[in-house]
Amino acid sequence: MDRTADDKHRGYRNKHDRRHMKDRSSREGDERRKDKLSRQDKEGEVREDDSKSQKQSTLQENNLNADVSNWGRSGGVYIPPFKLARMMKEVQDKSSVEYQRLTWDALRKSINGLVNKVNATNIKNIIPELFGENLIRGRGLFCRSCMKSQMASPGFTDVFAALVAVVNTKFPEVGELLLRRIVLQFKRAYKRNDKHQLLAAVKFIAHLVNQQVAHEIIALELLALMLENPTDDSVEVAVGFVKECGSILQDLSPKGLHGIFERFRGILHEGEIDKRVQFLIEGLFAIRKAKFQGHPAVRPELDLVEQEDQLTHEISLEEKIDPEITLDIFKPDPQFLESENRYEELKKTILGEESEDEAGSDAGSSEEEDDEDEDEDEDDENDDEEEDEQQMKIKDETETNLVNLRRTIYLTIMSSIDFEEAGHKLLKIKLEPGQERTYLRYYGLLGQRFCMINKVHQENFEKCFVQQYSMIHRLETNKLRNVAKFFAHLLGTFALPWHVLAYIRLTEEDTTSSSRIFIKILFQELSEHLGIRLLNEKLSDPSMQDSFESIFPKDNPKNTRFSINFFTSIGLGGITENLREYLKNMPRLIMQQQKPVSESDERSSGSDSSGSESESEAEQSSSSESESDREERERRHKKRRRH
C-alpha cells in the first residue's frame, strides 16, 4: 500500500512500467492511422459513385431526344425552349400523354410569364396574348399565378384585378374560381393570424370589388367580421380595406358603408385600441369627408371593361368553398384534340379573325422551309371553308359580333397617338367611331374628321343625332352630357349641318327633363365654341329660319314665353331678342289679323246693329231725363232747409 502511494506521488520508477506505457501509446497511434486510411477509402468510393451517377444523368439527357417514352415528367431538369419545341414537333401522336404533358408545361410557363410582366402600361398588349393561351385548360394555373404574383408585389394588385376583370367577361368560371380561392386564403390567414397574407388577400378582394368582379356584399361581410371583435391588427386591416374600396361602396351601398363607419366611431369611443390605430381611424373619417379623393375605385388606364359587360359573382364568407386544387395538376385528357380545336374557334371569336391572321403570319415567318407545303394545304382548306361560309349565311342573334366590334373600336382608339391616326386606322378597317364614358375633345375632333372626309359619315351622324335625341330620356346624366358635347362640337365646327336642330321642338309639352338638359348643354357648348354674337348671327340667318322655328316657336304666345324663359334661365337670353320683339308686337299683329274679320261681320249684320243703336239712344235719352229730374229735386230740398 505504501509503495503504490509512493508510485502515485513519484511516478513510475521501474523500467517494466515505462516499457508498458510506450507499447500502449504505439498501439493507439497505429489504430488512429488505420481509422484515417479507412475513412479516406470510403470517401473515394463515394466520389466514384457520384461521378458514375453524373455520367448516367448526362447519358440520360443525351438520350432524351432519342427515346420519346422517357420524356414524361421533367423532374426539375431544365429543357431549353428551342429543344422543347423540337421535341413537340417530333411527336407523331398529338393526343399522347407525353405530348399533353409537354403542352401543359409550355402553357404553365407562358401564363406565368405573361402575368409576371403585366403592368398598367402594357396590359392592353398582354390581354390578347393571354387570350391566345388555353385559359379553360389552364384556369387553375392562371389563378395560382395571379395569387402568387399579387402576394409578391401587392402594389400591382389593381393591375392584376383589371386583368382578371377582362378575363372574367369571357370566362366567368375563371373569375369565380379566383374569387373563391382568395376568399379561402383570407379565411385561413384570419384563423392563423397571418397578417402579411391577410393584408394581401384583403387588398385583392377590395380591387375585385372595385372592378365589380365580386359583389359588394362580400366587402360588407368582411368588414363586419374584422370589426366584430376589434383588435389593433384587425382594425388596421379594415381601415386599409375601406380606403381601397370605400369609393365604390359609397355608390353601391351607402347605408352599409354608413353602418361600418358607425362601428368605427364606436371603437374610437371605447378607446381600447392603440393610439396609432385611433389615428388611422380618424384619418379614414377625413378621407370619407373628402369623398375619397386620392383613392379612386379604378384608375382610368385600368378601366377596361364596360359596366354592362361585367359579370359579378356573389360569394359569402359563411359558405363552404371548394378551391378545386386539382386544376393545378396535370391530368391526361382523352378528348385533348377536340378541346383544343374548340378553344381555337372560341379564340377566333374573342380576338377576331384579323388577330388570328396576324398570329398565323408571324408563326409562318418563323417556321422552316419544310413546312411551306403544309401551309399551302391549310390555305386551300381555309379557302374551301370560306366558300362554304359564303354559301351558308347564319344570322347571329347573340350580339357577339357587336361586342367584338365595340372592343376593336375601343382598342383602336386608345392605341392611337392623336385623332388623325385614329381616324386613319378606323377608316382602314371600315368602322365608325364609338363613345367613351368620359367626353374628351379628342372624340369630337375624330367625328369632325369623319364628317369632313366623306359626306356619308355626315349623314350617319345626322341620323345618330335624331336617334339619340329620341331616346335621350333613357340615358344617364353623364352619358347625356357626353352626347350633347359631342354634337355641339360637330355643330360648332360646322361639320354637321344646322338643319338637324329642326328635330328639336322646344315647348313645355314636347320636352322632358332629360331633353331640356340636353338642349341646355348643347347651346351652352355652342356659345363657348362660337361666342354669343356669332351664335346669334347664325340663329338669325333668314335662310335657316325654317329649321329654327321649332326652337323659337311663334305659333302660340305660351310656347314663345316658354322658349324665352328657358334660354334666359340658362344664361343665353341674348339669342332671344328677335323672339322678344315678336312677343311685344304680337297683340298688334293679332289686331291686324282680326280687323278684316270684324269688318265682314259688321257688313253682314248691318240691320241688327242699327236697331241696337236706336235702342241704345232711347235708353240714353231716358236716362238723361231721369238724372235731370233728380238734380232739380235735390236743389228744391236744399232751398227748403235754408229757409
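If you're wondering where the values come from, they're calculated on a predicted model, not measured in any experiment. (Residues numbered from 1 in each chain as written. Predicted model: local features only at pLDDT ≥ 70, side-chain atom pairs only at ≥ 80, totals over all residues. Heavy atoms only, no water.)

> Even after reading the chapter, I still don't get the overall build of the protein, so can you show me in this structure?
Check the secondary structure of the protein and you find 27 helices and 0 strands. Here the protein holds 643 residues, and the buried ones make up 33% of them. For the protein, the proportion of contacts with a sequence separation of at least 24, taken over those separated by at least 6, is 72%. Carbon and sulfur atoms make up 48% of the accessible area of the protein, which totals about 41100 Å². (Helix = DSSP H or I, 4+ residues; strand = E, 2+ residues; numbered from the N terminus. Buried < 20%, exposed > 50% of the residue type's maximum accessible area, 1.4 Å probe, protein only. Contact = heavy atoms within 4.5 Å. Areas by Shrake-Rupley, 256 points an atom, 1.4 Å probe, with all protein chains shown as cover.)

> Quick question: what am I supposed to make of the environment of Gln212 here?
Examined against the element boundaries, Gln212 turns out to sit in the loop between helix 9 (195–210) and helix 10 (216–228). Each C-alpha atom, one on Gln212 and one on Gln307, is 8.3 Å from the other, the two residues being 95 residues apart in sequence. In contact with Gln212, not counting residues within four places along its chain, are Ile248, Gln307, Gln310, Leu311 and Thr312.

> What's the story with the packing of helix 10 against helix 12 (residues 254–270) in this structure? I'm lost.
Two quantities define a packed helix pair, namely the angle between the axes and the distance from one axis to the other. At a minimum axis distance of 11 Å, the contact between helix 10 and helix 12 shows a crossing angle of 15°. Classified by the angle their axes make, helix 10 and helix 12 are roughly parallel. The chirality of how helix 10 crosses helix 12 is left-handed. Contacts between helix 10 and helix 12 involve Leu220, Leu223, Ala224, Leu227 and Glu228 from the first element and Gly256, Leu257, Ile260, Arg263, Phe264 and Ile267 from the second. Classifying every residue of the contact of helix 10 with helix 12 gives 8 nonpolar, 1 polar and 2 charged. (Axes fitted to C-alpha atoms, helices over the stretch in contact; angles between N-to-C directions. Parallel < 35°, antiparallel > 145°, perpendicular 65-115°, else oblique. Left-handed = near helix turned anticlockwise from the far one by under 90°. Nonpolar A, V, L, I, M, F, W, Y, C, P; charged D, E, K, R; others polar.)

> So what exactly am I meant to see when it comes to the pattern of salt bridges here?
Close approach of charged atoms lets side chains of opposite charge pair. The full count for this structure, using the stated rule, is 15 salt bridges. Between Arg263 and Glu270 there is a salt bridge whose closest N-O contact spans 3.8 Å. The exposure class assigned to Arg263 is partly exposed, which follows from its relative accessible area of 29%. Residue classification places Glu270 among the partly exposed residues on the basis of a relative accessible area of 43%. The partner of Asp555 in a salt bridge is Arg505, with the nearest N and O atoms 3.2 Å apart. Of this pair, Asp555 sits in the loop between helix 23 (545–548) and helix 24 (557–569) while Arg505 sits in the loop between helix 20 (477–492) and helix 21 (513–530), and the two are 50 residues apart along the sequence. The class for Asp555 is exposed, based on a relative accessible area of 53%. Where salt bridges share partners, they join Lys195, Asp233, Glu236 and Arg276 into one cluster. (Salt bridge = Lys/Arg side-chain N within 4 Å of Asp/Glu carboxyl O.)

> Can you help me understand the environment of Gly423 in this one?
With respect to the helices, strands and loops of the structure, Gly423 is situated in helix 17 (residues 419–428). In the structure, Gly423 is positioned 26 residues away from Arg449 in sequence and 7.2 Å away in space, judged by C-alpha atoms. Apart from residues no more than four positions distant in its own chain, Gly423 is found in contact with Leu446 and Phe450.

> Help me out: how do you make sense of the side chain of Asn122 in this one?
Locating Asn122 in the fold gives a position in the loop between helix 4 (97–116) and helix 5 (123–132). Classification of Asn122 as buried rests on a relative accessible area of 19%.

> Explain the confidence of the model for the protein to me, please; I cannot follow it from the model alone.
For residues with low pLDDT, the predicted coordinates do not support detailed interpretation. With 69% of its residues at a pLDDT of at least 70, the protein reaches an overall mean of 76. Within the model, pLDDT remains below 50 along residues 51–76, and this stretch shows 18 contacts once partners closer than five positions in the same chain are excluded. Segment residues 354–374: pLDDT under 50, and 7 contacts once partners within four positions in sequence are set aside and those in other chains are kept. (pLDDT = per-residue confidence, 0-100.)

> I tried to follow unusual backbone geometry on my own but got confused; where do I start?
Phi at Lys291 is positive, roughly 60°, even though this residue is not glycine. Along the chain, Lys291 falls in the loop between helix 13 (275–289) and helix 14 (336–366). Even without a glycine there, the phi angle at Phe494 is positive, about 60°. Judged by its relative accessible area of 43%, Phe494 is partly exposed.

> In this structure, what is going on with the nonpolar core? I would like to understand it.
Soluble, globular proteins show a tendency: their nonpolar side chains are buried together. Core analysis: the largest hydrophobic core is formed by 86 residues, its most contacted members being Phe142 and Phe264. Residues in contact with Phe142, not counting those within four places in the same chain, are Ile111, Val115, Leu130, Leu135, Leu163, Val164, Val167 and Val174. Listed in part, the 49 residues of the second largest apolar core include Leu426, Tyr442, Tyr469 and Phe518. (Core = buried A, V, L, I, M, F, W, Y, C linked by side-chain atoms within 4.5 Å.)

> Which parts of the structure should I look at to understand the side chain of Ser547?
Locating Ser547 in the fold gives a position in helix 23. A relative accessible area of 13% places Ser547 in the buried class.

> Would you explain the packing of aromatic side chains in this entry?
Pairs of aromatic rings are described using the distance from one ring centre to the other and the angle between the two planes. Using the criterion set out here, one finds 16 aromatic pairs in the structure. A centroid spacing of 6.1 Å and a plane angle of 25° characterise the contact between Phe171 and Tyr343, whose relative ring orientation is stacked. Here the residue Phe171 occupies a position in the loop between helix 7 (157–170) and helix 8 (172–192), and Tyr343 occupies one in helix 14, the gap between them amounting to 172 residues. A relative accessible area of 2% places Phe171 in the buried class. Looking at Tyr343, the relative accessible area reads 4%, which means it is buried. Ring geometry for Phe461 against Phe486: centres 5.7 Å apart, planes inclined by 50°, an arrangement best described as tilted. In this pair, Phe461 is assigned in helix 19 (residues 455–470) and Phe486 in helix 20, connecting sequence segments 25 residues apart. Overall, Phe461 belongs to the buried group, its relative accessible area being 10%. Residue placement shows Arg288 over the ring face of Phe261; its charged tip is 4.4 Å from the ring centre. Over the ring of Tyr582 we find Lys554, and its NZ or CZ is 5.2 Å from the ring centre. (Phe/Tyr/Trp six-rings, centres within 6.5 Å; stacked < 30°, edge-to-face > 60°. Lys NZ or Arg CZ within 6 Å of the ring centre and 35° of its normal.)

> Explain helix 5 here, please?
For an α-helix, 3.6 residues make a turn, and residues three or four places apart therefore share a direction. Ile123, Ile126, Ile127, Leu130 and Phe131 are the residues of helix 5 that are buried. Taken down its axis, helix 5 places every buried residue within 130° of arc, on the same side. (Arc of directions from axis to C-beta.)

> In this structure, what is going on with helix 22 (residues 532–539)? I would like to understand it.
Taken residue by residue, helix 22 has Leu535, Asn536 and Leu539 as its buried positions. For helix 22, the buried positions fall inside an angular range of 100° around the axis, keeping them on one side. Along its buried surface, helix 22 packs onto helix 21, helix 23 and helix 25 (577–584).

> Honestly, the packing of helix 5 against helix 7 in this entry has me stumped. Any pointers?
Two numbers describe how helix 5 lies on helix 7: the axes approach to 11 Å, and their chain directions differ by 45°. Put simply, helix 5 runs oblique to helix 7. The way helix 5 lies across helix 7 gives a crossing that is right-handed. Contact with helix 5, carried on its side by Ile123, Ile127, Leu130 and Phe131, involves Val159, Ala162, Leu163, Val166, Val167 and Lys170 of helix 7 and no other residues of that element. The class makeup of the residues in the contact of helix 5 with helix 7 is 9 nonpolar, no polar and 1 charged.

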